[in-house]
Amino acid sequence: MLADVLIQIRRLRLDRRSWGQVVLVATLAGCGAPEEKTLDESAQAVAPADDPTPPVTNPRDQALPAGSVTALRVLTAEPGWTVFVNGIEAVAAEDQPLVTPCVVHLPDGAWRITVSRAGAADQSERALTPEIREVQFDSGLPVPEGQVPAVEAPLSRLAPGESTPLASLNSPARDADPFVSVDGLTIAFASDRPAGRAIYVATRPGPGHHFDAPRQVALSRGADRAASPSLSADGLLLAYLLPERSRVWGLQRRDLAGEFGDRKPLVFDDQSRAVWRSAQLSGDGLRIYWTADGDGTPAGFTASRKAVEKSFGKPMGYDLPGAHACLSPDALRQYTFDGREVHRRRRGSLRQSFGEPESIAEVELPVPLADAGARSWWVSEDEQWLFWTGQGAAEDLFVTRLRRGPGWGRTWHGDPLVLKPAVAATEAKPVDVPAPVDPRSLPLPYTRHWRELEKLIAARQFPAAQKLVRSSLEQRELAGERDLLQRDLAAITLIREFWAGVLESLSRLKPGDEVPYGTTRVEFVRFENQRLVLKTKTSELAKPLSELPPAEVVELYLLSRPEPTPQDALRIGVYLSFTPRRYEKVASSRLAAAGDEGSQFREEWFARLVRQGGAEFDRGNLAEGTAFVDEVLQHGSGTAAHATAGKLKAGLYDRLSWELRGNRKWGRDKEGELRAEAGRFERSYAVSREMYGDFELSCEWQVTGATGQGGIYFRYPGQGDPFKTGFKIQLASDAGKGVDQYSTGSLFGQEAPLTNASQAAGQWNTLKLRVVGEDVTATINEVVVLKAKAISETAALTGHVALDGVAGGINYRRVLIVPLK
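None of these values were measured; they are calculated from a predicted model. (Residues numbered from 1 in each chain as written. Predicted model: local features only at pLDDT ≥ 70, side-chain atom pairs only at ≥ 80, totals over all residues. Heavy atoms only, no water.)

Q: An account of the overall build of the protein is requested, with residue identities and associated values reported.
A: A count of helical and extended segments in the protein gives 12 helices and 43 strands. Within the protein, the fraction of its 821 residues that count as buried is 50%. Long-range pairs, those at least 24 residues apart, make up 58% of the contacts in the protein with a sequence separation of at least 6. Roughly 38,400 Å² of accessible area belongs to the protein as shown, and the carbon and sulfur atoms make up 50% of that amount. (Helix = DSSP H or I, 4+ residues; strand = E, 2+ residues; numbered from the N terminus. Buried < 20%, exposed > 50% of the residue type's maximum accessible area, 1.4 Å probe, protein only. Contact = heavy atoms within 4.5 Å. Areas by Shrake-Rupley, 256 points an atom, 1.4 Å probe, with all protein chains shown as cover.)

Given below as structure tokens:
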């Protein structure tokens, strides 16, 4: 048991260099016997002191590889917009803000470029360098009421060493143990507020903004005190601690807009008397670190697993400096804070001990730090911010700026760009002929209209949205979509009626009335300048109406309508239909309550999506068309459009054209099925007519006997042996067996899968294969089995896809290949 392990460690009086010599044999009660080599010894064992690996180097101290930097041009309709790269303000000479027009110097990769200026809504574009070398932005829209541009974000105005309370998160109850995601946009914390003792999460639009109202993680609510939450780097896994229970729970969600579910224990010891102080999940979700306190002296522990679907293995003693786990996502940096000074310790690999402490900031807090027995603080990934909990009745959450600009990671630099004014030509000169543009890359007229409409409604600029629809009705290129535009106009009318109802409810409120705020209700003070002034038990706060989540806006609408009519339900359902997809179920429920009009709106909504998807398929845009059709299949059950979408997608399988090579007589059937009967036929492949660069393939496959096997080749140039000139994802009749570089799900002959997720012979399996550049991800039966690099000195980044039929005894069907932009 873990308590016995603690006793053994204390008896040995281990110093930091001794931890690597300890072998812990205790297993956490209830975790079960781990698989052989469940722990990755190279990642978990502490290296000897003479390990030559140097500590991890701060990226800002490393020179970018020569030849890997792109000068990305950033242009705006008017000059003077401030440029942000992945949420970080880019700088010019002397660390002044970089403004447009300009170039920003970026290494090869994917980037989110944002431009911001006072009085205008922020604009963002994705840029993949070096393929994209210029991004352009329009004049922009006015700032929606209550929103704040990034250049005016309140936290960005804090000076180093300055602190401010996180007013939107605080409550009269105990709020503690903050954890902030890698991108700085999500915070998780523990709270004992009346809505329930649980973990709460909140988000914000940028690192300089305050957070929105927090939402309770329902499955974390309970009688036991929850503490020390942490999130994986992708935000899909949440871990939190029950200190007195010596237990860490884990929850999972499918997307960032979804709710956390699938609750299960990660590590625990039901027989230990030690209080677990803090715990943290690594960024990849494969390791967990925690500290346990048996007699007042904290001891560190860790456990690992091979995949997020697996259980954690044996606990191991770990040299974790300080009383709490506060590590970077890669676990190569550990932070400590004593209420006055923040220290960082580094190591070069997961096998090493942490090095000597380095001071990164000295701070003077406005109130004392909360009890050191809990993890009451958190250092942001870029070491620019300290989030912490102060002592007092409310134990309010605060943020302190440690420095201006990242302390860890790069600050992106650029240079002003001087654009030459246009000069009238005095003589004829050769004109550069622009490269031809594939018309399929341009949005269809109605799709372009719809995207602009969604943008305006999301910004709650309803008069402008109505004006847009009326203008579109007069455009000749949209003459064939007048029926859709008329429906859009009717929807905008209903949304404007809904919003008028919200304002009517606010006009009837009196000081002292209760109104919804997050998961609680607070006291209404007044409504002025499009802001709600609300009062908690300890303070007043102002919340812009435009920043309220849709669910709270609906509650405001219903305040003056205790018995909503079908027309009220229709307005609410239409409004929610234009909000993020997490409100889809609520929208459908409201539309159902609206009767025939609600049913008709829902039918027309999904019929529009099917129509857009079909138009994209007709011009060969499978990616765009599939996105429309999949939305109908996911959310449009019960509508006529749902059946139409199913037929559209089924028809896609016949759009793929295959060249059958070799002597095998492939069997053919509906849904594009190809059957390779048992028996070996050399050089037998079904090769795609098209060539693909980045793509996503989905299919179903089935082995028909004990020796059946095949696979999916990609990046095949079309000539020669695909095994020698391309890459292959192996598919075989090996269900229930171990894994190696030749088993199902492997990058054949190169890298073994994480697990064997195939089903027994005779059963159909699903495969999703995503190839982007050199990155390959394979998912079999909804389990990610492979994340690998397809690297070759000779293979190109484009090629054919081929179905392997050499060995036989394998069937393929519903094969769909979608090129990725």
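On we go from here.
Q: Break down the pattern of salt bridges for me, citing the residues and quoting the values.
A: Within the structure shown, the criterion is met by 39 salt bridges. Residue Arg508 pairs with Glu504 through a salt bridge whose shortest N-O separation is 2.6 Å. Of this pair, Arg508 and Glu504 both sit in helix H5 (residues 482–508), 4 residues apart, which is roughly one turn of that helix. Its relative accessible area of 28% is what places Glu504 among the partly exposed residues. Put simply, Arg619 and Glu616 hold a salt bridge, and the shortest N to O gap is 2.9 Å. The class for Glu616 is buried, based on a relative accessible area of 2%. Salt bridges here are not isolated pairs; linked through shared partners, they connect Arg333, Arg344, Arg346, Glu358, Glu381 and Glu383. (Salt bridge = Lys/Arg side-chain N within 4 Å of Asp/Glu carboxyl O.)

Q: So what about the environment of Asn58? Which residues, and what values?
A: One can find Asn58 in the loop between helix H2 (41–44) and strand S1 (69–76). Along the sequence, Asn58 and Arg410 sit 352 residues apart, while their C-alpha atoms lie 8.5 Å from each other. If sequence neighbours within four positions are ignored, Asn58 has contacts with Arg344, Arg346, Gly407, Trp408 and Gly409. Of the polar contacts made by the side chain of Asn58, one reaches the backbone oxygen of Gly407; its length is 2.8 Å. (Polar contact = N/O pair within 3.5 Å; in protein donor to acceptor, adjacent residues only side chain to side chain.)

Q: Outline the sheet that holds strand S2 (residues 82–85), supporting the account with residue identities and numerical values.
A: The 4 strands lie next to each other as S3-S2-S5-S6, forming an open sheet whose pairing is antiparallel. The sheet is open, and its two edges are formed by strand S3 (88–89) and strand S6 (123–129), each paired on a single side. Judged from the 7 bridges that link them, strand S5 (residues 109–116) and S6 form a sheet pairing that is antiparallel. Bridge pairing links Arg112 to Arg126 in S6. (Pairing = 2+ DSSP bridges.)

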